[in-house]
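Below, each chain spelled out in residue letters.
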Amino acid sequence: FPALPEHFMAEGTSHAAMAGRPPTPLISSLVGAVSLGSETHAKGTCNPCAHFHGSKGCKSAELCLFCHSCPPGELKRRQKAKKRFERSAREVGPLKAF
């Protein structure tokens with residue numbers, strides 16, 4: 001396994017201290033997620049990654065806080081649904097108290 005960058009290691013831990021220990025797997029690998037943001041995909045509360053399905057891909061890889069499990073086009077679909085909702089809310093107008 002490659003060495004972790006210093007900012008990902010616990011305070012006071014060095015690479016030398018970690019040499020004899022087995023690597024600790026990421027939470028996302030334990031649940032079968034593609035990225036950290038994919039952990040909530042099954043619940044439907046994830047946020048799709050805008051770059052994962054692009055030609056250059058996602059630079060954050062497994063550490064990305066956005067979902068890599070969503071299908072291509074999911075981000076655009078959600079954006080369009082949000083615009084439709086906002087448009088219909090404007091047409092109805094503000095709710096008035098009785």
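Calculation criteria
- Counting starts from 1 at the beginning of each chain's written sequence and moves along it residue by residue.
- Restriction of local features to residues with pLDDT of at least 70 applies here, the model being predicted, together with a cutoff of 80 or more for giving and counting side-chain atom pairs; totals for whole chains, interfaces and linings are based on all residues.
- For the side-chain quantities, the full set of heavy atoms in the structure was used; hydrogens and water were omitted.
- Put simply, DSSP H or I for four residues or longer makes a helix, DSSP E for two residues or longer makes a strand, and each gets a number counted from the N terminus.
- Buried residues are those whose accessible area, probed at 1.4 Å on protein chains only, stays under 20% of the maximum for their type, while exposed residues exceed 50% and partly exposed ones sit between those limits.
- By the convention used here, residues are in contact when the closest approach between their heavy atoms is within 4.5 Å.
- To be clear on the numbers: accessible area is Shrake-Rupley with a 1.4 Å probe, and residue cover counts the displayed protein chains and nothing else.
- Criterion for a salt bridge: a side-chain nitrogen of Lys or Arg within 4 Å of a carboxyl oxygen of Asp or Glu.
- Given the number of residues in a helix, its expected span is that number minus one, multiplied by 1.5 Å.
- Residues enter patches when their relative accessible area tops 30% and they take part in no salt bridge; the joining distance is 9 Å for like charges and 5 Å for the nonpolar side chains Val, Leu, Ile, Met, Phe, Trp and Tyr.
- Asp and Glu count as negative and Lys and Arg as positive, but His and the ends of the chain are not part of the count.
- For the purpose of locating charges, the reference atoms are NZ of Lys, CZ of Arg, CG of Asp and CD of Glu.

S.K.: Describe in detail the overall build of the protein chain, supporting the description with residues and values.
M.R.: For the protein chain, the count of helices and strands is 3 helices and 0 strands. The secondary structure elements of the protein chain, listed N-terminal to C-terminal, are α-α-α. Across the 98 residues in the protein chain, those meeting the buried criterion constitute 15%. By sequence separation, contacts in the protein chain at least 24 residues apart represent 48% of the contacts at least 6 residues apart. Accessible surface, the protein chain as shown: approximately 8,200 Å² in total, 60% of it carbon and sulfur.

S.K.: Give me the lowdown on the pattern of salt bridges, citing residues and values where you can.
M.R.: Per the counting criterion, the structure on display carries 2 salt bridges. The shortest N-O distance in the salt bridge between Glu74 and Arg77 comes to 2.7 Å. With Glu74 and Arg77 both in helix α3 (residues 74-92) and 3 residues apart, the pair spans about one turn of that helix. Here Glu74 falls in the buried class, since its relative accessible area comes to 12%. Note that Glu74 is salt-bridged to Arg78, the shortest N-O span being 2.9 Å. One end of the pair is Glu74 and the other is Arg78, both in helix α3 and 4 residues apart, which spans about a single turn. Ionic contacts of the salt-bridge type, sharing partners, join the residues Glu74, Arg77 and Arg78 into one network.

S.K.: Tell me about α3, and please be specific about residues and values.
M.R.: Note: α-helices contain 3.6 residues per turn, so residues at a spacing of three or four share the same orientation. An ideal rise of 1.5 Å per residue puts 27 Å on 19 residues; α3 measures up with 27 Å between its terminal C-alpha atoms. Among the residues trailing α3, Gly93 stands out with phi positive, at a value near 90 degrees.

S.K.: An account of a positive patch on the surface is needed here, citing residue identities and associated values.
M.R.: Taken together, the side chains of Lys76, Lys80, Lys83, Arg84, Arg87 and Arg90 present a region of like positive charge at the surface. Within the secondary structure, Lys83 sits in helix α3.

S.K.: Account for unusual backbone geometry, with residues named and values stated.
M.R.: The phi torsion at Ala61 lies on the positive side, around 50 degrees, for a residue other than glycine. With respect to the element layout, Ala61 can be found in the loop between α2 (27-30) and α3.

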